[in-house]
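# Structural features, examined
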Amino acid sequence: MTSNVPTVHDIAFYSNVEKQETRYASVKHAFSEKFGVSPEFFSRAPGRVNLIGEHIDYCHFSVLPMAIEVDVIAAIAARKDNIITIANTDGKFGTVEIPLPQHLGDEIPINKDSPTWADYFKCGLVVARKYMLESGNGNLCERGSLKGFFALFDGTVPTGGGLSSSAAFCIAATLAALRVNGVTAISKADLTKITVVCEHYVGLSNGGMDQSASINGEDLKVLLVSFKPELSAVPFKLPATDPETVFLISNSLVTANKTETAPQNYNLRVVEVAIAADIIAQKHGLNVAKDSNIGTTTLRGVFDAYFTQKLGMDPWDGTDIDIGIPRLEKMLNVIEEMYDESERDGISVETATRLTNLDRETFEKTYLSHFPVKFSKLNIYRRSRHVYSDSLRVLQTLRVARNFSGDSEAFLREVGALMDSSQQLTRDMNHASTAQCDEICALARKNGSFGSRVTGAGFGGCIVHLTTVEKLPQLVSALTENYYEKYFPRISAEELSEAIVVSKPAMGACIVQI
Ligand code: NG1
Ligand code: MG
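Residues numbered from 1 in each chain as written. Chains lettered and ligands numbered in written order. Predicted model: local features only at pLDDT ≥ 70, side-chain atom pairs only at ≥ 80, totals over all residues. Heavy atoms only, no water.

## Here we look at the overall build of the protein
In terms of helices and strands, the protein carries 16 helices and 13 strands. Evaluated residue by residue, the protein yields a buried proportion of 58% over its 514 residues. Here the protein has roughly 20600 Å² of accessible surface; of this, 49% comes from carbon and sulfur atoms. Mean positive and mean negative side-chain charge positions of the protein (50 and 61 charges, respectively) differ by 2 Å. (Helix = DSSP H or I, 4+ residues; strand = E, 2+ residues; numbered from the N terminus. Buried < 20%, exposed > 50% of the residue type's maximum accessible area, 1.4 Å probe, protein only. Areas by Shrake-Rupley, 256 points an atom, 1.4 Å probe, with all protein chains shown as cover. Lys, Arg positive; Asp, Glu negative; His and termini not counted. Charge placed at Lys NZ, Arg CZ, Asp CG, Glu CD.)

Right under this line is the structure:
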């Protein structure tokens, strides 16, 4: 992760050349019409799909995502004053003027309560500015204040669909702000490090999977993203298969709003796994560093401590499959032994307070004050099972890839089965699926998918299917007839083509010179 962010001089690099050239030309034209000047460059960042390992990145277990071809691009031109004007080719996002702070110490205000698209943009601005001030990279320090610019965004990543449109947007915004302010090179590692916290500024306690995937994606390679001992993203090819493997992504067209204070809440998962980790630490007398997003221990932290402190084993670097698999299996037994029947369907705040050995006030301050969460019971047992089991599935997937014998059918069946059991967990243990998503998965499995699962945060959004080029037509027509035409009878051909996306692993974020 040390190379520079690639600069794409020739947009023919993209796989769908015609479509991309037309698209860039039309955004360029719209930019000149709107702002009366020509853009100087484009920043772009792709969406991502996660193949396996869900809701475990913020627990610091490794995940297997890939960047995809749909992306967010932004045409940019610097201005002389210090105002940023952002506009979008999609009329539902209004044009917004953002006056920039005049002094280095001034804050850029962000609305956490009901963030608009401009607030997401400001997240990119905040992290870009912080990076430039701390590293001295770029010419912000000499100038003292950020430079204004015009930006016209154009996105093909569906919003609220679990394909990380938000991460792609924040990264494209960050790259634009860096470049306008004189940063001509930044390592992928640094760009990842600064953008993983972008959405914390709009009140989302996300992990680092999406930004890692969007930035480190490479053509035809999936990524092993790890968080310990430090954030890393290793691109690799799934073993060559014949028939050709493809990932089909189908959008359930049910959108999730993760920051709402509904029980189907992303932040609540973050809180539940933090409490789960502290309960294990208490129960087993472990001394664990606090390193989660909300300043508590993580399920990965207590996992490592359990084996090193309690059983005296060597530390695990997080990638050794043969060490990780038996340890995760053991941890699942530990969880089984910790909770009796009455605690498995959720516990009250009183019980959780007792199990963490805290008083009520400290409990609330520690877990419930960072992000808005609403719940009737805390699902500690199920979330712990989910996290350790899905982390196990990631390693099992790597093992299947490592042990590839040349039998493609067997490979697809084995990986597919892991994706299917991950989906079951998502539904039963993490409660992050929906009836529609389950229906799509079942339908797909009967029609040419080797494995199907909700990808990303869930609560709606997209399903990723493992299939082959050969089986694609059957799968697409089954989904079209038995899902889209059934539930969305008025769906247009264009909407349908956006709802079903076939993607191979694609290239990560970059600046496009024009
Ligand atoms: P989505 O909802 O797909 O952007 C979210 C988190 C990830 C990860 C997944 C679940 C954000 C920006 N990202 O992804 O970090 O936790 O859910 O695996 O919220
Ligand atoms: Mg998102």
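Next comes the rest of the description.
## Digging into the sheet that holds strand 9 (residues 245-251)
Spatially, 10-11-9-12 is the arrangement adopted by the 4 strands of the open sheet, whose pairing is antiparallel. Since the sheet does not close on itself, it has two edges, and those belong to strand 10 (451-454) and strand 12 (500-503), each with one partner. Taking the axes of each pair of neighbouring strands and ignoring which way they run, one obtains an average angle of 20° across the sheet. Across 7 bridges, the pairing between strand 9 and strand 11 (residues 462-468) is antiparallel. Counted as the bridge partner of Ile249 is Val464 from strand 11. (Pairing = 2+ DSSP bridges. Axes fitted to C-alpha atoms, helices over the stretch in contact; angles between N-to-C directions.)

## Regarding the side chain of Arg385
Residue placement: Arg385 occurs in helix 12 (residues 380-402). Looking at Arg385, its side chain comes within polar contact range of the side chain of Glu336, at 2.5 Å. The residues touching Arg385, leaving out its near neighbours within four places in the chain, are Leu332, Ile335, Glu336, Leu425 and Met429. (Polar contact = N/O pair within 3.5 Å; in protein donor to acceptor, adjacent residues only side chain to side chain. Contact = heavy atoms within 4.5 Å.)

## Looking at the packing of aromatic side chains
Across all of its chains, the model carries 22 aromatic pairs by this definition. Between Phe61 and Phe303, the ring centres sit 5.5 Å apart and the planes meet at 75°, which makes this aromatic pair edge-to-face. Here the residue Phe61 occupies a position in the loop between strand 2 (41-52) and strand 3 (64-78), and Phe303 occupies one in helix 8 (residues 299-310), the gap between them amounting to 242 residues. Exposure class is identical for Phe61 and Phe303. Each is buried. Ring plane angle 65° and centroid distance 5.6 Å describe the contact between Phe303 and Trp316, whose orientation is recorded as edge-to-face. Here Trp316 lies in the loop between helix 8 and helix 9 (321-338) and Phe303 lies in helix 8, a separation of 13 residues in the sequence. (Phe/Tyr/Trp six-rings, centres within 6.5 Å; stacked < 30°, edge-to-face > 60°.)

## Let's talk about the pattern of salt bridges
Tallying each qualifying case throughout the model produces 26 salt bridges. Salt-bridge contacts for Asp154 lead to Arg23; the nearest nitrogen and oxygen are separated by 2.6 Å. Of this pair, Asp154 sits in strand 6 (residues 149-155) while Arg23 sits in helix 1 (residues 17-35), and the two are 131 residues apart along the sequence. Exposure class is identical for Asp154 and Arg23. Each is buried. Close ionic contact of Glu218 with Lys221 constitutes a salt bridge, the shortest N to O distance being 3.3 Å. Among the residues examined, Glu218 registers a relative accessible area of 29% and is labelled partly exposed. (Salt bridge = Lys/Arg side-chain N within 4 Å of Asp/Glu carboxyl O.)

## Section: the UniProt feature "domain: GHMP kinase N-terminal" (unreviewed entry) in the protein
The sites that carry the UniProt feature "domain: GHMP kinase N-terminal" (unreviewed entry) are, in the present numbering, residues 144-217. The span residues 144-217 is 43% helical and 9% strand by assignment, and the distance between its end C-alpha atoms comes to 34 Å. (UniProt positions renumbered as here; feature names shortened; annotations may be inferred.)

## Details of helix 8
Between its first and last C-alpha, helix 8 extends 15 Å over 12 residues, near the 16 Å set by a 1.5 Å rise per residue. Buried within helix 8 we find Leu299, Arg300, Gly301, Val302, Phe303, Ala305, Tyr306 and Phe307. Where helix 8 is buried, its residues touch helix 7 (266-283), helix 9 and helix 12. (Expected span 1.5 Å × (residues − 1).)

## Some points on the state of the cysteines
Under the counting rule described, the total for this entry stands at 0 disulfides. The thiol sulfur of Cys141 is not disulfide-bonded, and the nearest other cysteine sulfur, from Cys198, lies at 19 Å. The class of Cys141 is partly exposed, set by a relative accessible area of 38%. (Disulfide = S-S within 2.5 Å.)

## Looking at the UniProt feature "domain: GHMP kinase C-terminal" (unreviewed entry) in the protein
Within this numbering scheme, the UniProt entry marks residues 412-484 as carrying the feature "domain: GHMP kinase C-terminal" (unreviewed entry). Within residues 412-484, the helical portion is 58% and the strand portion 15%, while the C-alpha atoms at the span's ends are 26 Å from each other.

## Topic: helix 5 (residues 188-195)
Residue pairs three or four apart in sequence face the same way in an α-helix, which turns once every 3.6 residues. Buried within helix 5 we find Lys188, Leu191, Thr192, Ile194 and Thr195. Against helix 2 (117-135), helix 4 (165-180) and helix 6 (209-216) lie the buried residues of helix 5.

## Re the site of ligand 1
Among the 17 residues in the neighbourhood of ligand 1, the closest are listed as Arg48, Glu54, Asp57, Asp210 and Tyr266. Within the backbone of Gly162, one N or O atom sits 3.2 Å away from an oxygen atom of ligand 1. Take Asp210: an N or O atom from its side chain is 2.6 Å from a nitrogen atom of ligand 1. Protein chains bury 98% of the 430 Å² of accessible surface belonging to ligand 1 in isolation. Looking at the shell around ligand 1 residue by residue, the classes come out as 5 nonpolar, 6 polar and 6 charged. (Near = heavy atom within 4 Å. Nonpolar A, V, L, I, M, F, W, Y, C, P; charged D, E, K, R; others polar.)

## Quick look at the side chain of Thr298
Looking at where Thr298 falls in the secondary structure, it is placed in the loop between helix 7 and helix 8. When near neighbours in sequence (up to four residues on either side) are disregarded, Thr298 contacts Tyr58, Cys59, His60, Ala277, Asp291 and Ser292.

## A look at the nonpolar core
One broad trend across soluble globular proteins is that nonpolar side chains are buried collectively. With 133 residues, the main nonpolar core has Phe61, Phe121, Phe153, Leu299 and Tyr388 as its most contacted residues. Among the elements that make up this core, the one with the highest residue count is helix 7 (12 residues). Residues in contact with Phe121, not counting those within four places in the same chain, are Ile84, Ile86, Ile98, Phe149, Phe153, Phe169 and Ala173. Counting 18 residues, the second-largest nonpolar core is a separate cluster that includes Ala444, Ile463, Tyr483 and Tyr484. (Core = buried A, V, L, I, M, F, W, Y, C linked by side-chain atoms within 4.5 Å.)

## A look at unusual backbone geometry
Note that the residue after Lys228, namely Pro229, is joined by a cis bond; omega there is -5°. Within the secondary structure layout, Pro229 lies in the loop between strand 7 (222-226) and strand 8 (232-236). One non-glycine residue, His55, lies in the positive phi region at around 55°. Its place among the elements puts His55 in the loop between strand 2 and strand 3.

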